[in-house]
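Here is how the chains run, residue by residue.
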Amino acid sequence: MAATILSANRSNVLVNGQALEGLQEITYQTVRSHENIAAIGSPERVGVVFGPTHVVGTLRIRSGSTVLEDLLKNQTPFQIFASLKHGQAEAESVMEISLDEVYLHGKSFGLAAGGVVETIYQFTATRER
């Protein structure tokens, strides 16, 4: 079985339906809280109880984004939608990802000698679909 190679250059990432200018990288992780159920008198667990699921991630933007700055300032929820494609020019979407009820929680700013400004926005989302 061959691996499916997805191309960042052909894929699209939208914020509230609009392309996110300057996007260099999006990373996220879906996290589900849990508690181990311990056996009495034994160091091993006998089960796991799961809690709520949420998503944590970052958006790395070349220079900055007025759209994200406004969402951060106003603490407005939004949606991130990614349409992932093969490296072929006319490739159709192989996978679609939607992150719902996204909130920005902070940002970091960096400027290196000889480089360009990069701003990293931290976010959480209620769900990944």
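Values in this document were obtained by computation on a predicted structure and should not be read as measured data.

Draft legend 1. Seen up close, the overall build of the protein chain. Counting secondary structure elements, the protein chain contains one helix and eight strands. Counting from the amino terminus, the protein chain carries its helices and strands in the arrangement β-β-β-β-α-β-β-β-β. For 129 residues, the compact-globule estimate of 2.2 N^0.38 gives 14 Å, and the C-alpha radius of gyration of the protein chain, at 19 Å, exceeds that figure by more than 25%. By principal-axis analysis of the C-alpha atoms, the protein chain measures approximately 60 × 45 × 30 Å. Per-residue burial for the protein chain yields a buried fraction of 26% across its 129 residues. Here the analysis covers contacts within the protein chain between residues at least 6 apart in sequence; of these, 60% occur between residues at least 24 apart. Split by element, the accessible area of the protein chain, about 8,700 Å² in all, is 51% carbon and sulfur. Where the 10 positive side-chain charges of the protein chain centre and where its 13 negative ones centre are 2 Å apart.

Draft legend 2. Inspection of the pattern of salt bridges at higher detail. Taken as a whole and judged by the stated rule, the model has six salt bridges. Here arginine 60 makes a salt bridge to glutamate 25, at a shortest N to O gap of 3.6 Å. Placement of the pair is arginine 60 in strand β4 (residues 45–62) and glutamate 25 in strand β3 (residues 23–38), with a sequence separation of 35 residues. Measuring nitrogen to oxygen at the nearest pair gives 2.7 Å for the salt bridge that ties arginine 60 to glutamate 118. In this pair, arginine 60 is assigned in strand β4 and glutamate 118 in strand β7 (residues 118–125), connecting sequence segments 58 residues apart. Owing to a relative accessible area of 22%, arginine 60 belongs among the partly exposed residues under this scheme.

Draft legend 3. Highlighting the environment of leucine 59. Examined against the element boundaries, leucine 59 turns out to sit in strand β4. Taking relative accessible area as the criterion, leucine 59 reaches 0% and is therefore assigned buried.

Draft legend 4. Region of interest: the nonpolar core. The biggest cluster of nonpolar side chains holds 20 residues, and the ones touching the most others in it are Leu68, Ile80, Leu99, Leu104 and Phe123. Of all elements in the fold, only β1 (7–15), β4, α1 (66–74), β5 (78–85), β6 (93–110) and β7 reach the threshold of two or more residues within this core. Ignoring any residue separated from it by four or fewer positions in sequence, one finds leucine 99 in contact with Tyr28, Val55, Phe78, Gln79, Ile80, Phe123, Ala125, Arg127 and Glu128.

Draft legend 5. Structural context of the side chain of serine 65. With respect to the helices, strands and loops of the structure, serine 65 is situated in the loop between β4 and α1. Residue classification places serine 65 among the buried residues on the basis of a relative accessible area of 7%. Within the structure, the side chain of serine 65 is placed 3.1 Å from the backbone nitrogen of leucine 68, a separation counted as a polar contact.

Draft legend 6. Region of the structure containing the environment of phenylalanine 78. Looking at where phenylalanine 78 falls in the secondary structure, it is placed in strand β5. For the pair phenylalanine 78 and valine 15, spaced 63 residues apart in the sequence, the C-alpha separation amounts to 7.0 Å. Among all residues touching phenylalanine 78, those that are not within four sequence positions of it are Val15, Asn16, Leu71, Leu99, Asp100, Glu101, Val102, Tyr103 and Leu104.

Draft legend 7. Seen up close, unusual backbone geometry. With phi around 50 degrees, glutamine 75 is a residue other than glycine that occupies positive phi space. Structurally, glutamine 75 is set in the loop between α1 and β5. Unlike most non-glycine residues, glutamate 101 shows phi in positive territory, near 50 degrees. As for its placement among the helices and strands, glutamate 101 is situated in strand β6.

Parameters at a glance
- Residue numbering note: each chain is counted from 1, following its sequence as written.
- Owing to the predicted nature of the model, reporting of local features is limited to residues with pLDDT of at least 70; listing and counting of side-chain atom pairs is limited to 80 or more, with chain, interface and lining totals taken over all residues.
- Processing note: side-chain calculations cover all non-hydrogen atoms of the structure and skip hydrogens and water entirely.
- Only DSSP runs of H or I reaching four residues or more are called helices, and only runs of E reaching two or more are called strands; each is numbered from the N terminus.
- Here the globule rule reads 2.2 Å times residues to the power 0.38, and the radius of gyration is calculated from C-alpha atoms.
- Exposure is judged per residue with a 1.4 Å probe applied to protein chains only, and the accessible area is read against the type maximum: over 50% gives exposed, under 20% gives buried, and values in between give partly exposed.
- Throughout, a contact is declared for two residues whenever any of their heavy atoms are within 4.5 Å.
- Accessibility throughout is a Shrake-Rupley quantity obtained with a 1.4 Å probe, and a residue counts as covered only by protein chains that appear here.
- None of His or the chain ends enter the tally, which takes Lys and Arg as positive and Asp and Glu as negative.
- Charge coordinates come from a single atom per side chain, which is NZ of Lys, CZ of Arg, CG of Asp or CD of Glu.
- A side-chain nitrogen of Lys or Arg and a carboxyl oxygen of Asp or Glu constitute a salt bridge if their distance falls within 4 Å.
- Definition used in this section: a nonpolar core is a set of buried Ala, Val, Leu, Ile, Met, Phe, Trp, Tyr and Cys residues joined via side-chain atoms within 4.5 Å.
- We call two N or O atoms a polar contact when they sit within 3.5 Å, provided that within protein one can donate a hydrogen and the other can accept it, with sequence-adjacent residues counted only if both atoms are side-chain atoms.

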